[in-house]
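# Per-entry structural report
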Amino acid sequence: MTSTLALLGGKPAVTATGPHFTWPPIDDTTRAKVTAQLDEAISLPGRSGIVAELEEGLQDYFGVRHAITTSSGTAALHAAYWAARIRPGDEVIVPAWTFHATASPLFHLRAVPVLCETGPDGNIDPARVEELITPRTRAVMVTHLWGKPADMAGLVAVANAHDLAVLEDGSHAHGASIAGQKVGTFGLASAFSLNGPKPLSGGEGGFVLTDDEDTYHRVLTFAHYNKRARTEIPEDHPLARYAVTGAGLKLRIHPLAAAIAHDQLARLDGYLAGRTEIAHHLTDRLAQVPGLKVTTPPEGVLPSWYALTLTYTPDELGGLPIERFHQALLAEGATEFDRPGSTCPLNQLPLYQDPGMLFPGHPHSQRRYQHGDFPVAEHSHAHTVKLPVWHREQDLELAAQYIAAAIKISDHHKELL
Ligand SMILES: Cc1ncc(COP(=O)(O)O)c(C=O)c1O
């Protein structure tokens, strides 16, 4: 029998020409806004112009008192930890599976990231958080991985019972919500990336959200020395006398990035609605494909659909290795099917196995992680195949071709064994 699989010489299932997914959508309105910004100002040391407009837009969108933009999500996380008074030797519980920048800024504060096992969806498991709490624990950081909101009710309950600060990394989850409450608004502060592929993108950039005045002033001290710190921190505040130098770092967003993010923010809810529709379509169909498992969000939980994650189940396909399955998808022209790369269980990274080379004498040096420490997170990571989620109605045709590619490989898997 000759195979029709593209990997074995057949015709690809996906005939649409690429690229199949580009983000963020840039059109003439975006271009006009960026051009206008070029003429208006390309450096904004104070909270004015497009930076003020973006921050006000974010405050309105999330319903928070303060949004403070930064040069990146990593910088936002660093500032949020410092603002939350994380000190040398303090422990912060972080998800074992996330992008490393969720936790890595802690090394610079000489604080200790304590990795916590996740559930099969990759989100931190509140029951496991409790086991890791020690007298040195100060905070829990949550990532809403791939845009799926974490169990915030469970986490807030554990954190409150132990007097820990709740921090959120919302970098995958702009606009995601639980029972109408947006992620990024559940704790003391949250940090978001505005980097390239993120649901809300400025190309580069980030921001911190908080309702807490002191946290706001501390973020300014950390990330916005001189003009912003001088104008926004009240004169009678103990940090006011440090306003000129702040804590020594300048982590401002570029005004052109702010212009792009501001343009995109107005469209974010439209993107989310479109992604939700296409995600449901993909989920309904891919759930029927032997070899793939798809979980649907619980009632009231709205993901950002930064990615649609599928769990590969080799047992249903005669043990076909995931590498071969993925290779077959790519050969079918379904080139947006991806496996998680640098967003991996952190115990697999040298920084978390042996931080001493980069941070000599760091308190973390007694806590060395290794492969196998987090079986649930590692198993899920190793069996995840993901797709970006399109948002336009005309993308349904492309989605249909991707579904056809997955069905074809599942049907013909024996030929790949
Ligand atoms: C979960 C998560 N946190 C933090 C970051 C860091 O953001 P940035 O790249 O803007 O520094 C990323 C970005 O890739 C991320 O995926």
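Since we're looking at a predicted model, the values are computed, not measured.

Turning our eyes to something else, we now look at the overall build of the chain. Secondary structure assignment for the chain yields 14 helices and 15 strands. For 417 residues, the compact-globule estimate of 2.2 N^0.38 gives 22 Å, and the chain sits close to it at 22 Å. For the chain, the spread of C-alpha atoms along the principal axes amounts to about 80 × 55 × 40 Å. Counting the 417 residues in the chain, one finds 57% classified as buried. A separation of at least 24 residues holds for 70% of the contacts in the chain among residues at least 6 apart in sequence. For the chain, the computed accessible surface area is about 17,300 Å², with 53% contributed by carbon and sulfur atoms. The averaged location of the 46 negative side-chain charges in the chain is 5 Å from the averaged location of its 33 positive side-chain charges.

Inspection of the entire model under this criterion finds zero disulfides. Cysteine Cys116 shares no disulfide, and the gap to the nearest cysteine sulfur, in Cys344, comes to 17 Å.

A word on the site of the ligand. With respect to spatial proximity, 15 residues lie near the ligand, and among them Gly73, Thr74, Asp169, His172 and Ser193 are the closest. In this structure, an oxygen atom belonging to the ligand sits 2.5 Å away from a side-chain N or O atom of Thr74. For the ligand, an oxygen atom lies 2.8 Å from a polar atom in the side chain of Lys198. In isolation the ligand has 390 Å² of accessible area, and contact with the protein removes 89% of it. Tallying contributions element by element places helix α3 (residues 73-83) first for the shell around the ligand, with three residues. Of the residues in the shell around the ligand, the class split is three nonpolar, 10 polar and two charged.

Pairing in this open sheet of seven strands is mixed, and the strands run β1-β10-β9-β6-β5-β2-β4 from one edge to the other. A single partner strand is all that each edge strand has here, and the edge strands are β1 (66-70) and β4 (112-116). Ignoring which end each strand starts from, the neighbouring axes of this sheet average 20 degrees apart. Bridging between strand β9 (residues 189-193) and strand β10 (residues 206-210) involves five bridges; their strand directions are antiparallel. When the bridges of β10 are listed, Phe192 appears paired with Phe207.

Turning our attention to the side chain of His383. Mapped onto the secondary structure, His383 falls in the loop between α13 (375-382) and β15 (384-387). Contacts of His383, omitting those with residues within four sequence positions, involve Leu310, Thr311, Tyr312, Pro314 and Ile322.

The domain architecture assigned to the chain consists of domain 1 (28-265) and domain 2 (268-416). Here the C-alpha centre of domain 2 lies 25 Å away from the C-alpha centre of domain 1. Contact residues are listed per partner, giving 44 residues for domain 1 and 42 residues for domain 2. Across the domain 1/domain 2 interface, buried area totals approximately 3,600 Å², and carbon plus sulfur atoms make up 62% of it. The largest per-residue losses of area from domain 1 upon contact with domain 2 belong to Trp97, Phe107 and Trp146, which jointly make up 24% of the total buried on that side. Where domain 1 packs against domain 2, one counts zero salt bridges. Only β2 (91-95), β3 (97-98), α4 (105-108), β4, β7 (177-178) and α9 (255-265) provide two or more residues apiece to the side of domain 1 that touches domain 2. At five residues, the largest contribution of residues to the side of domain 1 that touches domain 2 is made by β4.

Further remarks concern the nonpolar core. If you look at the biggest cluster of nonpolar residues, it comprises 65 residues, and the most contacted ones within it are Tyr81 and Ile86. Tallying contributions element by element places α3 first for this core, with seven residues. The two domains that each donate at least three residues to this core are domain 1 (28-265) and domain 2 (268-416). With residues near it in sequence (within four places) discarded, Tyr81 still touches Ile86, Val92, Val94, Thr102, Ala103, Pro105, Leu106, Leu109, Met141 and Leu167.

Reading guide: rules and limits
- For every chain, the first residue of the written sequence is number 1, and numbering continues from 1 onward in sequence order.
- Selection of residues for local features in this predicted model requires a pLDDT of at least 70, selection of side-chain atom pairs for listing and counting requires 80 or more, and totals for whole chains, interfaces and linings are taken over all residues.
- Water and hydrogen atoms play no part in the side-chain values, which are based on all heavy atoms of the structure.
- We count a stretch as a helix when DSSP gives it H or I for four or more residues in a row; a strand needs E for two or more, and each element gets its number in order from the N terminus.
- To get the radius of gyration, use the C-alpha atoms; to get the globule rule, take the number of residues to the power 0.38 and multiply by 2.2 Å.
- Burial classes: relative accessible area under 20% of the type maximum marks a residue as buried, over 50% as exposed, and values in between as partly exposed (1.4 Å probe, protein chains only).
- The contact definition used throughout considers only heavy atoms, calling two residues in contact when any of these lie within 4.5 Å.
- With residues, only the protein chains shown are counted as cover, and all accessible areas are computed by Shrake-Rupley using a 1.4 Å probe.
- Counted as positive: Lys and Arg. Counted as negative: Asp and Glu, with His and the chain ends omitted from the count.
- Here the site of a charge means NZ on Lys, CZ on Arg, CG on Asp, or CD on Glu.
- Our working definition of a disulfide is a cysteine sulfur pair at a distance within 2.5 Å.
- In these notes, residues near a molecule or strand are those with any non-hydrogen atom within 4 Å of it.
- Under the rule applied, a polar contact is a pair of N or O atoms within 3.5 Å (in protein, one hydrogen donor and one hydrogen acceptor; residues adjacent in sequence only if both atoms are side-chain atoms).
- Amino acids are sorted into nonpolar (Ala, Val, Leu, Ile, Met, Phe, Trp, Tyr, Cys and Pro), charged (Asp, Glu, Lys and Arg) and polar (every other residue, Gly among them).
- For two strands to be treated as a pair, DSSP must find no fewer than two bridges joining them.
- For helices, the axis comes from a line fit to the C-alpha atoms of the stretch in contact; other axes are also lines fit to C-alpha atoms, and the angle between any two N-to-C directions lies between 0 and 180 degrees.
- Segmentation of the chain into domains, including their bounds, is taken from an automatic or database domain assignment.
- Once two parts are put together, the accessible area they lose, assessed with a 1.4 Å probe and summed over both, is termed the buried area.
- Salt-bridge detection follows one rule: a side-chain nitrogen of Lys or Arg within 4 Å of a carboxyl oxygen of Asp or Glu.
- Residues belong to a common nonpolar core when they are buried Ala, Val, Leu, Ile, Met, Phe, Trp, Tyr or Cys residues joined through side-chain atoms within 4.5 Å.

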